[in-house]
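# Results of the structural survey
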Amino acid sequence: MSTSERDRAPAPALLDVRDLRVTYGGRRGRAAVAGVSLSVAPEETLGLVGESGSGKTTVARCVAGLLRPGAGTVTFEGRPLGRAGRRPPELQRAVQMVFQDPRSSLNPRMTVAAIIAEVWSTHPVTAPKGDRTEALHRLLADMGLDPEVAARRAGDLSGGQCQRVSIARALAVRPRLLVCDEAVSALDVSVQAQILRLLVDLRGRHRLAMLFISHDLGVVHQIADRVAVMRRGVIVEEGRTGEVLTAPRHEYTRALLDAALDLDDAVPGDGTADGKAVV
């Protein structure tokens, strides 16, 4: 293969989903996912977009191992990804999920320090050597949180703070793929922008790949390299984000665009001098 051919060759898939099928309600139930295939390359962000009920969250749960597909395959670097509890530890760590509702994804009675300590206890190979308190404070600082948050219970935090802690919990085990299921949709608009800005920054610094689930093409425009548009359990359009958003081929994509935010808006700053808001 020539140098120019290598330059044009697509990057090998980190995540590969082939002909995924999920039916709710038994054999004669509703097909939530009807033959979805997609891939995510190392350090790439794929936006999976569709309205509520399109099947995108079902795909995310299959990738995260929270749901067993009826048919199809989900692999990570060629290795099958089974249910989360049955994955080898290295695959459990490699794929982490950030959920839509930041409050319900955390135990409200646990302190932030206890939440992160629990993750390090489950995956000791990722636990920091030496002073864990110092390591915890560095991790929280990376999320734009003050060290004092470590001593607070999750139930006492704002929605934005809870989502930052959820992201910290995921990154504490040094994943390679982050599955974000509507990770900003439950937040106020200004906080959404802050979390998007945080994810963009973390993706670059930690060399993460992301499967970013959203109902909003305007949000996906801010973060995704490629976008796949899902409707009624199937992908109706896929391509580079800029191409899909400027020249959509499918009428459903055009309808989603009509409902989206102004795509010319960049992710705004978070309104603080050092970019470390804690709302």
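Quick caveat: nothing in here was measured; it's all calculated off a predicted structure. (Residues numbered from 1 in each chain as written. Predicted model: local features only at pLDDT ≥ 70, side-chain atom pairs only at ≥ 80, totals over all residues. Heavy atoms only, no water.)

## Regarding the confidence of the model for the protein chain
Per-residue confidence for the protein chain gives a mean pLDDT of 87; residues scoring 70 or more make up 89%. Scored below 50 in pLDDT, residues 1–6 makes one contact in the model with residues more than four places away or belonging to other chains. For residues 266–279, every residue scores under 50 in pLDDT, and the model assigns this stretch 30 contacts once sequence neighbours within four places are set aside. (pLDDT = per-residue confidence, 0-100. Contact = heavy atoms within 4.5 Å.)

## Remarks on the nonpolar core
In terms of nonpolar packing, the biggest core is built from 55 residues, with Met143, Ile167 and Leu199 touching the most fellow members. Apart from the residues within four sequence positions on either side, Met143 is in contact with Arg164, Ile167, Ala168, Leu171, Leu198 and Leu202. (Core = buried A, V, L, I, M, F, W, Y, C linked by side-chain atoms within 4.5 Å. Buried < 20%, exposed > 50% of the residue type's maximum accessible area, 1.4 Å probe, protein only.)

## A closer look at the sheet that holds strand E5 (residues 79–80)
The strands making up a sheet associate through backbone hydrogen bonding, with each pair oriented either parallel or antiparallel. Pairing in this open sheet of four strands is antiparallel, and the strands run E2-E1-E4-E5 from one edge to the other. If you trace the sheet from one side to the other, it starts and ends with strand E2 (30–40) and E5, each paired once. Direction of pairing for strand E1 (residues 15–24) relative to strand E4 (residues 71–76): antiparallel, over a ladder of five bridges. What sits directly across from Arg18, in E4, is Thr73. Across the sheet, helix H2 (residues 56–64) touches E1, E2 and E4, and the angle it forms with E1 is around 120°. (Pairing = 2+ DSSP bridges. Helix = DSSP H or I, 4+ residues; strand = E, 2+ residues; numbered from the N terminus. Axes fitted to C-alpha atoms, helices over the stretch in contact; angles between N-to-C directions.)

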